[in-house]
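Take a look at the letters that make up each chain.
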Amino acid sequence: TTTTTTTTTTTTLNNGVHMPLIGLGTWKSPLGKTKQAVYHAVKNAGYRLIDTANDYNNEHEIGEALKKLLDEGVVKREDLFIQSKLWNSNHKAEFVKPDLLATLKDLNLDYIDSFIIHWPQACPATGKAPAVRSNGTHAAPASEGTMFPYDPETLVYCSDNDTHFAETWTAMEKLVDEGLVKSIGLSNFNKTQIQEILRISKKHKPAILQNECHPYLQQKDLVDFCNFHGIIFQAYSPLSSKDRPAHFRKKDDPELLEDPNIRKMSKKYNKSPAQIVLHWHIAAGHAAVPKSVTP
């Protein structure tokens, strides 16, 4: 169900928790700019959902912004919806809580509203020890213990092939029971993988699936599957991935915000192309977390 408020539109997750449909994404938000971007987004632009992850290497700056906002009384903690992600290196059951605790420390919080498994694969990972932001968010030989370990001989990322996301999910459920997170979910999972999680969930079902989605990648089957199972579909890169690496694009690939039809609607309704696309997401029943350092 959705509810319109004075600041944004919210939806109710399958556990009764209310979540804004539109949030601020912080992937690639650079150090030195993230704190101000988050502060401005909440104080001046009305954002209440902040989406982050420990491998983004900026949660400590987000934490500084949140502390300032709360200390100044701009918002109360219960007004915010903070979402972070479990990194691939920490899929082993005993590594799940240390990953979250590192995020909570960086964010200056004692709980977050949503914690999702970032990717289904435990790679890059060694399976030998947890790795968090303070260990380094750069690629390095496995012996250095960073979040992106690789084999120095083959230069291939290490993989924890003994760990399956089913055991990860069981550990995630315990975090809800401990009051450290309110909701748990998934990111970059496909239909088959989600079905497996639904089968083994003992108490807490996935509340959110965050995958890439936009008018050029509509994910209709996956969205329909989520709707059927009461999972909120949340789009990352909702305005498309214009900044994707060169090897993922062709010279003549179209750019979503330059699409003639979107430009036509933008002119007709006197809205920016980005606003037109975000309206498309809401009309389609998606949540979305566009990223920006100038929200």
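About the thresholds
- Residues numbered from 1 in each chain as written.
- Predicted model: local features only at pLDDT ≥ 70, side-chain atom pairs only at ≥ 80, totals over all residues.
- Heavy atoms only, no water.
- Helix = DSSP H or I, 4+ residues; strand = E, 2+ residues; numbered from the N terminus.
- Rg over C-alpha atoms; globule rule 2.2 N^0.38 Å.
- Buried < 20%, exposed > 50% of the residue type's maximum accessible area, 1.4 Å probe, protein only.
- Contact = heavy atoms within 4.5 Å.
- Areas by Shrake-Rupley, 256 points an atom, 1.4 Å probe, with all protein chains shown as cover.
- pLDDT = per-residue confidence, 0-100.
- Salt bridge = Lys/Arg side-chain N within 4 Å of Asp/Glu carboxyl O.
- Expected span 1.5 Å × (residues − 1).
- Pairing = 2+ DSSP bridges.
- Axes fitted to C-alpha atoms, helices over the stretch in contact; angles between N-to-C directions.
- Phe/Tyr/Trp six-rings, centres within 6.5 Å; stacked < 30°, edge-to-face > 60°.
- Lys NZ or Arg CZ within 6 Å of the ring centre and 35° of its normal.
- Right-handed = clockwise from strand over helix to strand, strands pointing away.
- Core = buried A, V, L, I, M, F, W, Y, C linked by side-chain atoms within 4.5 Å.

Q: I keep staring at the overall build of the protein and nothing clicks. Help me out?
A: Across its full length, the protein carries 8 helices and 13 strands. Against the 2.2 N^0.38 benchmark of 19 Å for 295 residues, the protein shows a C-alpha radius of gyration of 19 Å, consistent with a compact globule. Taking the principal axes of the C-alpha coordinates as reference, the protein spans close to 55 × 50 × 40 Å. Burial statistics for the protein: of 295 residues in total, 51% are counted as buried. A separation of at least 24 residues holds for 69% of the contacts in the protein among residues at least 6 apart in sequence. Carbon together with sulfur atoms contributes 52% to the accessible area of the protein, which is approximately 14300 Å² in total.

Q: Even after reading the chapter, I still don't get the confidence of the model for the protein, so can you show me in this structure?
A: When pLDDT is low, close inspection of the predicted coordinates is not appropriate. Overall, the prediction assigns the protein a mean pLDDT of 94, with 95% of residues at 70 or greater. Here residues 1-7 is modelled with pLDDT under 50, and outside its nearest four sequence neighbours on either side it reaches 13 contacts, counting other chains as well.

Q: What is the right way to look at the pattern of salt bridges in this model?
A: Side chains that differ in sign of charge can pair as their charged atoms come close. Inspection of the entire model under this criterion finds 7 salt bridges. Across the pair Lys203 and Asp177 runs a salt bridge, and its minimum N-O distance is 3.2 Å. With Lys203 in the loop between helix H5 (191-200) and strand E11 (208-212) and Asp177 in helix H4 (residues 165-177), this residue pair connects regions lying 26 residues apart in the sequence. Judged by its relative accessible area of 59%, Lys203 falls in the exposed class. For Asp177, a relative accessible area of 46% translates into the label partly exposed.

Q: Mind showing me how you'd approach helix H3 (residues 93-107) here?
A: Helical geometry note: an α-helix holds 3.6 residues per turn, so side chains three or four residues apart project in the same direction. Between its first and last C-alpha atoms H3 spans 22 Å; for 15 residues at 1.5 Å apiece the expected length is 21 Å, and the two agree. The set of residues buried in H3 consists of Phe95, Val96, Asp99, Leu100, Thr103, Leu104, Asp106 and Leu107. Packing partners of the buried residues in H3 comprise helix H2 (59-71), strand E6 (81-86), strand E7 (112-117), H4 and strand E10 (181-187). Directly beyond the C-terminal end of H3, a positive phi value near 60° is found at Asn108.

Q: Looking at this structure, how should I read the sheet that holds E10?
A: As a general point, the strands of a sheet are linked pairwise by backbone hydrogen bonds and lie either parallel or antiparallel. Ordered in space as E4-E5-E6-E7-E10-E11-E12-E13, the 8 strands form an open sheet in which the pairing is parallel. With one partner strand each, in any of the chains shown, strand E4 (24-25) and strand E13 (287-288) form the two edges of the open sheet. Bridge count between E4 and strand E5 (residues 49-51): 2 bridges; the pairing is parallel. Its bridge partner being in E5, Leu24 is matched across the sheet by Ile50. The sheet strands contacting H3 are E6, E7 and E10, and the helix crosses E7 at an angle near 135°.

Q: Is there a simple way to think about the packing of aromatic side chains in this case?
A: Here a ring pair, both rings aromatic, is described through the centre-centre distance and the interplanar angle of the planes. All told, the structure shown has 3 aromatic pairs when counted by the stated rule. Measuring from centroid to centroid gives 6.2 Å for Phe148 and Tyr157, while their planes differ by 50°, and the two rings are tilted. By relative accessible area, which is 17% here, Phe148 ends up buried. Ring plane angle 65° and centroid distance 5.1 Å describe the contact between Phe165 and Phe189, whose orientation is recorded as edge-to-face. In this pair, Phe165 is assigned in helix H4 and Phe189 in the loop between E10 and H5, connecting sequence segments 24 residues apart. Looking at Phe165, the relative accessible area reads 7%, which means it is buried. Residue Phe189 is classed as buried on the basis of its relative accessible area of 1%. Here the guanidinium or amino end of Lys68 rests over the ring plane of Tyr39, the centre of that ring lying 4.4 Å away.

Q: Help me understand the pairing of E6, please; the structure alone is not making it clear to me.
A: Regular strands place side chains that alternate from one sheet face to the opposite one. In terms of residue burial, E6 counts as a mostly covered element, since 6 of its 6 residues are buried. In the sheet, E5 pairs with E6 via 3 bridges, with the strands oriented parallel. Looking at E6, one finds that Ile50 is bridged to Ile82. Regarding topology, H2 serves as the crossover connection from E5 to the parallel E6, and that connection is right-handed.

Q: Would you take a moment to explain unusual backbone geometry for this structure?
A: A cis amide bond, omega 5°, links Cys123 with the succeeding residue Pro124. On the secondary structure map, Pro124 appears in the loop between E7 and strand E8 (139-141). With a phi close to 70°, Lys28 is a non-glycine residue in the positive phi region. In this fold, Lys28 is placed in the loop between E4 and helix H1 (34-43). Note on Lys28: relative accessible area 44%, which makes it partly exposed.

Q: How do you make sense of the nonpolar core when you look at a structure like this?
A: As a rule of thumb, soluble globular proteins bury nonpolar side chains together. Ile112, Phe115, Ile194 and Leu209 are the most contacted members of the largest nonpolar core, which has 49 residues in total. Of all the elements, H4 adds the most residues to this core, at 6 residues. The residues touching Ile112, leaving out its near neighbours within four places in the chain, are Arg77, Ile82, Ser84, Leu100, Leu104, Leu107, Leu180, Val181 and Lys182. Judged by nonpolar contacts, the second largest core, of 12 residues, contains Leu13, Phe81, Ile232 and Tyr236.

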